[in-house]
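# Understanding the architecture of this molecule
So the chains spell out like this:
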Amino acid sequence: MRGKLIVFEGVEGCGKTTQLRRSQQWLVDSGWQALLQTKGYLQHLVTTREPGGTALGLQVRQLLLAQPTTEAIESRAELLLYAADRAQHVDGYLNPHLLQGALILCDRYTDSTIAYQGYGRGIDLNLIAQLNHVATNGLESDLTLWLDLDAATGLVRTQQRGTADRIEQADLSFHQRVQQGFTELAQRHPQRIIRIDATRTETEVAEQIQTVLTQRLAAWYGVERLKAEG
Ligand code: T5A
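Let me begin by describing the structure that accompanies this report. (Residues numbered from 1 in each chain as written. Predicted model: local features only at pLDDT ≥ 70, side-chain atom pairs only at ≥ 80, totals over all residues. Heavy atoms only, no water.)

### With respect to the layout of surface pockets
One number sums up the size of the largest pocket: a volume of about 940 Å³. Around the largest pocket sit 41 residues that line it, and Gly13, Lys16, Thr17, Arg108 and Arg161 are the ones nearest its centre. At the level of secondary structure, the elements contributing two or more residues to the lining of the largest pocket comprise helix H1 (16-29), strand E2 (45-49), helix H3 (55-65), helix H4 (75-99), helix H5 (110-120), helix H7 (151-159) and helix H9 (202-221). Here the lining of the largest pocket gets six residues from one element, more than from any other, and that element is H1. Among the residues making up the lining of the largest pocket, the classes are represented as 13 nonpolar, 13 polar and 15 charged. The computed volume of the second largest pocket comes to approximately 390 Å³. Together, 18 residues line the second largest pocket, and Thr110, Ile114, Ala129, Asn132 and Glu140 are the ones closest to its centre. Counting residues per element, the ones that place at least two in the lining of the second largest pocket are H5, helix H6 (125-136) and helix H8 (172-188). Ranked by residue count, the leading element in the lining of the second largest pocket is H6, at seven residues. Looking at the lining of the second largest pocket residue by residue, the classes come out as six nonpolar, eight polar and four charged. (1 Å grid on protein atoms, 1.4 Å probe; cavity = no way out; pocket = protein on both sides within 12 Å on 5 of 7 lines; lining within 4 Å. Points joined across faces, edges and corners; volume = space filled by probe spheres on them. Helix = DSSP H or I, 4+ residues; strand = E, 2+ residues; numbered from the N terminus. Nonpolar A, V, L, I, M, F, W, Y, C, P; charged D, E, K, R; others polar.)

So, in structure tokens, the structure goes:
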């Protein structure tokens, strides 16, 4: 059985990475992973991220997030680097794992490009849609969890970590346009993109995500029936 791709999205500091790890642990602790494996629906559970989900992607990530010492990265070059990372990730990691029946938890995917390079940098959204299609070869997420947090609060959280990468250092208005992008995307794709209130505590955010995951897993695999069967 083909696997499923679950993506975590949102502005800087919205808590995606924290919640992706918590979701991975919850899938194990709650017994979902074991149940799906026993029934033959799931081969394995993996986590990954963009940019940087492959060896090549890690090098691209460093290019994208390091502070440039000599020249600024131009917006179209930035867009193409994210697309290159994604093409490698889709062909070299995501599709092979999906074919093997994996459940994949992925930190960022195509909606980040629309929000950051489209709404944030102002690159034409049709061009980004075309490029996303080239990079993914049509692979869409089965579910995207959008951690909704205002940009200023997210930046305060990241600043508390003490270091800021190249994109985190962009001005607040850039991050507010990114947030607007995610908001409009969620309105446009209500089935695929589910809003999570990321202003709550870590535990409360995790509980919202677990509720959504429980519903989706049950719908995908009919597992409520399987659980009842024991
Ligand atoms: N990008 C990416 C593009 O521009 N285009 C693209 O196409 C793609 C794919 C990637 C960068 O590249 C950009 C976006 C990014 O700028 P990244 O590392 O994936 O970099 O992205 P970041 O958003 O920078 O990831 P972070 O790890 O910095 O932020 P997260 O994952 O949102 O947040 P997290 O979980 O690390 O938490 C941040 C801090 O907040 C605390 C945590 O303890 C941590 O200190 N926190 C909370 N505090 C209070 N309440 C809660 N509920 C909290 N949850 C977490």
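There's plenty left to go through after this.
### Notes on H4
Under the 1.5 Å per step criterion, the end-to-end length of H4 is 34 Å for 25 residues, consistent within 8% with the ideal 36 Å. Here H4 has its buried residues at Glu78, Leu79, Tyr82, Ala83, Asp85, Arg86, His89, Val90, Tyr93, Leu94, His97 and Leu98. Buried residues along H4 sit against strand E1 (4-9), E2, H3, strand E3 (103-107), H5 and H6. Trailing H4 by a residue or two, Gly101 shows a phi angle of about 90°, which is positive. (Expected span 1.5 Å × (residues − 1). Buried < 20%, exposed > 50% of the residue type's maximum accessible area, 1.4 Å probe, protein only. Contact = heavy atoms within 4.5 Å.)

### Quick word on the sheet that holds strand E5 (residues 193-197)
The strand order across the open sheet built from five strands is E2-E3-E1-E4-E5, with neighbouring strands paired in parallel fashion. With partners counted over all chains shown, the strands left at the sheet margins are E2 and E5, one partner each. When strand polarity is set aside, the average angle formed by the axes of neighbouring strands in this sheet is 20°. With four bridges connecting them, E1 and strand E4 (residues 143-148) associate as parallel partners. Note that in E4 the partner of Glu9 across the bridge is Trp146. Together, E1, E2, E3 and E4 form the strand contacts of H1, whose direction differs from that of E3 by roughly 165°. (Pairing = 2+ DSSP bridges. Axes fitted to C-alpha atoms, helices over the stretch in contact; angles between N-to-C directions.)

### Observations regarding the site of the ligand
Close to the ligand lie 26 residues, the nearest being Glu12, Thr17, Thr18, Arg108 and Arg161. Taking Cys14, its main chain carries an N or O atom lying 3.0 Å from an oxygen atom of the ligand. The separation between an oxygen atom of the ligand and a polar side-chain atom of Glu168 is 3.0 Å. Looking at the shell around the ligand, the elements with two or more residues in it are H1, H3, H4 and H5. With four residues, the single largest contributor to the shell around the ligand is H5. Considered class by class, the residues forming the shell around the ligand number seven nonpolar, eight polar and eleven charged. (Near = heavy atom within 4 Å. Polar contact = N/O pair within 3.5 Å; in protein donor to acceptor, adjacent residues only side chain to side chain.)

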